[in-house]
Amino acid sequence: MEKKQLLRLIGCVASAVLPFWLLDLTLRAATGCAAWYPLYAAAPNLFSLGFGALFAAVCLLPWRSAGRVLYGLIYAVWAVYAVVQYSIWRIFDRFLFLSDFLLAGEGLGFAGYIRQLIDVRFVLVVVLLVLWGALGVWRLPKGLPRRRVCPALVLFFALTQFIAPRLYAPVPETLDWDAWQSSGYEYARFSSSEYDLALTGPYQFVVRDAYLSILPDADAAEKRAQIDAFFAERPAHEDNEMTGLLAGKNLILVQLESVDDFVLNDENTPTLARLQREGIHFAEFYTPQYSNGYTFNTEFAAQTGIYPYANGNVAYSLSRSAFPYAIGNLLAGKDYTTGSFHKSEAKFYNRGAMHQAFGYAQYHSALDYAEDELQAGDDRFLVDCDALYDEMTAQQPFADFLITYSGHLGYDEIDALTTYALEQFPEYKDDSRPYEINGLFAKARLTDEMFAHLLERLEQDGLLDNTVICVYDDHYAYGLTDRAVLEEYSEAAGGRLLERTPCFIWYEGCKPQTVTKTLQTVDLLPTLANLFGLPAPDTMGRDAFDPDYEGYAIFPDGGWLTDTAYAENGKIVWNEGMTDEQVAEMNAYARLFQQVNDAILDTDYYAEIAE
């Protein structure tokens, strides 16, 4: 073959391969992946060029017209995938793993929110993705010696699969707290979606994620030993002055939707503010977001005392796992009648199955009782509906789990529930504030009035004196599309500190107190267990009133927060008294915490206890 012909052949082949690489480069560039791993790094680019070669080989096999159609279909699938991932990144600053796509039904109900993302950047990304695909279809070569070219493309794909993983930094021999900085360690662990997509590009990201999802766990015995050692070394819980204080009382556990710390106050939520002021207020309570389903992330952690995986969801993969220490199971063991209540259908986040695993006998969806979706979305309906209220309170002692809904994003003019809330409370139509803030506050007022109605009905039925109300929030108000507005209003602005959210316990006759110890979502379960005189659970959380527990919050990126210091990725942001040795110990503990947490999920650790 002459040099000119060879160069022409290479050019033709490249025109079929490069659009897939350009798709990858566009996605990684648009989402800031360079902050995790350089765009020019060889490994992700080799992976994407290799997959481009594989796709081109498949499309060159048929005759030209059919090849173009096939090329267009394959590219379109990946382009849609890229747009979805870009949109998710714009909202959550992360990407979806394959398991997260099982939660797609939950997200489809709020598809209108995506409209708020459409700006010049969004349009540019979509236009570029379409352009690369159009060029690929148009330039798909014809008349190539397919018997030579296609095997060569497949061979190139195989070589990239072999070479690219070996270009990552080696896994450290000693896995200290900073092991995450090794690209080889992260590729093996695949725990951070942002880091992982930056390491591999979208095609290998999907393949690697799928492979690890079905890979059997050969280290189960070793992981169980690590868990056993962790609990054995941790100081045993001892009774304290709060132990059994609320034993035998009814419990209504309420997870708020997006009622952030700057939303809960006397002006916006007068009932909640009064209960917080009169009750046990956990002033430094944090809700770290490990999984992409933010609401279920906190739901799972609060119920079980364990965080979900940082690289996916547990709503579908662990619905058959045993959680004997979940608060519902602990109280059901004391002859409590248990039930859970929320607006959405049981299939969302697989709550019908997961809540049974948590110990709730029945999950009740407001949609099964309401006339329409708007009525079901008004939190007041959970209490005002006689049928639902009777399910909550008919048999004592009861333990009810309520998940509010009214505060869910979005907060703009196109959101029907926002419009409804502002009609209900026109005093929040304040032109001096961003419209989304008005919508957020008005929606929170719907939730607050649910509590007012709940207190009234409990008092009328003679149940208030014997009922405890525990309230916590699912996550900070990330649904505000303008991050600057969020940080302007939030008292805890700045990175992970945005995840400080309200948490308090109230009951008639409660002596008001404020707990300033740094606490996290998984601490809620052991704290309630202690107050209700239940066995101390071996979970990742600790009792807030345990004098041996100094308090901390562990974040999924390896960061941590105590009363005296805050670290991101092992690096101190501020320090008001910790020594270098203490900082190093906390860095190491944060990594051990996450390893043990995930090992519990990997091994279904509590199954033997539940038998």
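Here's what I pulled together on the structure shown here.

Rules used throughout
Residues numbered from 1 in each chain as written. Predicted model: local features only at pLDDT ≥ 70, side-chain atom pairs only at ≥ 80, totals over all residues. Heavy atoms only, no water. Helix = DSSP H or I, 4+ residues; strand = E, 2+ residues; numbered from the N terminus. Rg over C-alpha atoms; globule rule 2.2 N^0.38 Å. Buried < 20%, exposed > 50% of the residue type's maximum accessible area, 1.4 Å probe, protein only. Contact = heavy atoms within 4.5 Å. Areas by Shrake-Rupley, 256 points an atom, 1.4 Å probe, with all protein chains shown as cover. Pairing = 2+ DSSP bridges. Axes fitted to C-alpha atoms, helices over the stretch in contact; angles between N-to-C directions. Nonpolar A, V, L, I, M, F, W, Y, C, P; charged D, E, K, R; others polar. Phe/Tyr/Trp six-rings, centres within 6.5 Å; stacked < 30°, edge-to-face > 60°. Core = buried A, V, L, I, M, F, W, Y, C linked by side-chain atoms within 4.5 Å. Salt bridge = Lys/Arg side-chain N within 4 Å of Asp/Glu carboxyl O. Parallel < 35°, antiparallel > 145°, perpendicular 65-115°, else oblique. Left-handed = near helix turned anticlockwise from the far one by under 90°. Patch = residues over 30% accessible without salt bridge, like charges linked within 9 Å, V, L, I, M, F, W, Y side chains within 5 Å.

**A word on the overall build of the protein chain**
No. 1: For the protein chain, the count of helices and strands is 22 helices and 14 strands.
No. 2: Over its C-alpha trace the protein chain gives a radius of gyration of 26 Å, about what one expects of a compact globule, namely 25 Å for 611 residues.
No. 3: Sorting the 611 residues of the protein chain into buried and exposed places 57% on the buried side.
No. 4: In the protein chain, 75% of the contacts between residues at least 6 apart in sequence involve partners at least 24 apart.
No. 5: Working note: accessible area of the protein chain is about 25300 Å², and carbon and sulfur atoms make up 55% of it.

**A closer look at the sheet that holds strand S2 (residues 280-282)**
No. 1: Read from one edge to the other, the open sheet built from eight strands follows the order S5-S4-S6-S1-S7-S8-S2-S9, with strand pairing classed as mixed. In this open sheet, the two strands that pair with only one neighbour each are strand S5 (363-365) and strand S9 (513-515). Ignoring which end each strand starts from, the neighbouring axes of this sheet average 15 degrees apart.
No. 2: In this structure, strand S4 (residues 337-342) lies alongside strand S6 (residues 398-403), joined through five bridges in parallel fashion. Each residue of the ladder has a partner; that of Thr-337, found in S6, is Phe-398.

**Quick look at the side chain of Lys-443**
No. 1: Mapped onto the secondary structure, Lys-443 falls in helix H18 (residues 435-460).
No. 2: Among the residues examined, Lys-443 registers a relative accessible area of 1% and is labelled buried.
No. 3: Discounting chain neighbours no more than four positions away, the residues touching Lys-443 are Ser-406, Gly-407, His-408, Leu-409, Gly-410, Tyr-411, Asp-415, Leu-417, Thr-418 and Ala-421.

**Quick word on the sheet that holds strand S13 (residues 565-568)**
No. 1: Within the open sheet, the four strands sit side by side as S11-S12-S13-S14. Their pairing is antiparallel. Edge positions in the sheet fall to strand S11 (553-554) and strand S14 (571-575), since each of these pairs with one other strand and no more.
No. 2: With four bridges joining them, S13 and S14 adopt antiparallel strand pairing. The residue of S14 that forms the bridge with Ala-567 is Ile-572.

**Comments concerning the packing of helix H10 (residues 270-278) against H18**
No. 1: For the pair H10 and H18, the least separation of the axes is 7 Å and the interaxial angle reads 65 degrees. Within the contact between the two elements, H10 uses Pro-270, Thr-271, Leu-272, Arg-274 and Leu-275 and H18 uses Arg-445, Asp-448, Phe-451, Ala-452 and Leu-455.
No. 2: Per-class residue counts for the contact of H10 with H18 are six nonpolar, one polar and three charged.

**Examining the packing of aromatic side chains**
No. 1: Going through the model one piece at a time under the given rule, you end up with 47 aromatic pairs.
No. 2: Relative to Phe-55, the ring of Phe-51 has its centre 6.1 Å away and its plane inclined at 45 degrees; by these criteria the two rings are tilted. Of the two residues, Phe-51 and Phe-55 both sit in helix H2 (residues 42-60), four residues apart, roughly one turn of that helix.
No. 3: Judged by its relative accessible area of 11%, Phe-55 falls in the buried class.

**Quick notes on the nonpolar core**
Generally speaking, a soluble globular protein has its nonpolar side chains buried in company with each other.
No. 1: Grouped together as the largest cluster of nonpolar side chains are 108 residues, with contacts concentrated most on Trp-78, Leu-153, Phe-262 and Phe-451.
No. 2: It is H18 that contributes the most residues to this core, 11 residues altogether.
No. 3: Apart from the residues lying within four places of it in its own chain, the contact partners of Trp-78 are Phe-20, Leu-23, Phe-55, Pro-202, Tyr-203 and Val-206.
No. 4: Counting 74 residues, the second largest nonpolar core, distinct from the first, contains Ala-310, Cys-510, Trp-560 and Met-586.

**Quick look at the pattern of salt bridges**
No. 1: Taken as a whole and judged by the stated rule, the model has 15 salt bridges.
No. 2: The partner of Asp-24 in a salt bridge is Arg-28, and the shortest N-O contact between them spans 2.7 Å. Here Asp-24 pairs with Arg-28, and both are found in helix H1 (residues 3-30), just four residues apart, close to one helical turn. In this structure, Asp-24 and Arg-28 share a single accessibility class: buried.
No. 3: Here Arg-457 makes a salt bridge to Asp-386, at a shortest N to O gap of 3.0 Å. Remark: Asp-386 occurs in helix H16 (residues 386-393) and Arg-457 occurs in helix H18; sequence separation between them is 71 residues.
No. 4: A residue is classified by how much of its surface remains accessible, and Asp-386, at 47% relative accessible area, is partly exposed.
No. 5: Three or more residues joined by partner-sharing salt bridges are found here, namely Asp-261, Glu-284 and Arg-500.

**Some remarks on the packing of helix H9 (residues 220-233) against helix H21 (residues 580-603)**
If you want to describe how two helices pack, look at the angle between their axes and the distance between the axes.
No. 1: Two elements in contact, H9 and H21, have axes whose closest approach is 9 Å; the angle formed by their N-to-C orientations is 125 degrees. Judged on the interaxial angle alone, H21 and H9 are oblique. Note that H9 runs across H21; the crossing there is left-handed. Residues Ala-220, Lys-223, Arg-224, Gln-226, Ile-227, Phe-230 and Phe-231 of H9 form the contact with H21, whose own contacting residues are Tyr-589, Leu-592, Gln-595, Val-596, Ala-599, Ile-600, Asp-602 and Thr-603.
No. 2: A breakdown of the residues in the contact of H9 with H21 according to their chemical character gives nine nonpolar, three polar and three charged.

**Regarding a nonpolar patch on the surface**
No. 1: A cluster of nonpolar side chains, Leu-155, Leu-159, Phe-162, Ile-163 and Leu-167, forms an exposed patch at the surface whose accessible area comes to about 460 Å².
No. 2: Considering the arrangement of structural elements, one finds Leu-159 in helix H6 (residues 146-163).
No. 3: Taking relative accessible area as the criterion, Leu-159 reaches 41% and is therefore assigned partly exposed.

**Describing the side chain of Gln-255**
No. 1: Among the structural elements, Gln-255 can be located in strand S1 (residues 250-256).
No. 2: Apart from the residues lying within four places of it in its own chain, the contact partners of Gln-255 are Thr-295, Thr-298, Glu-299, Phe-401, Leu-402, Ile-403, Thr-404, Tyr-472 and Asp-474.

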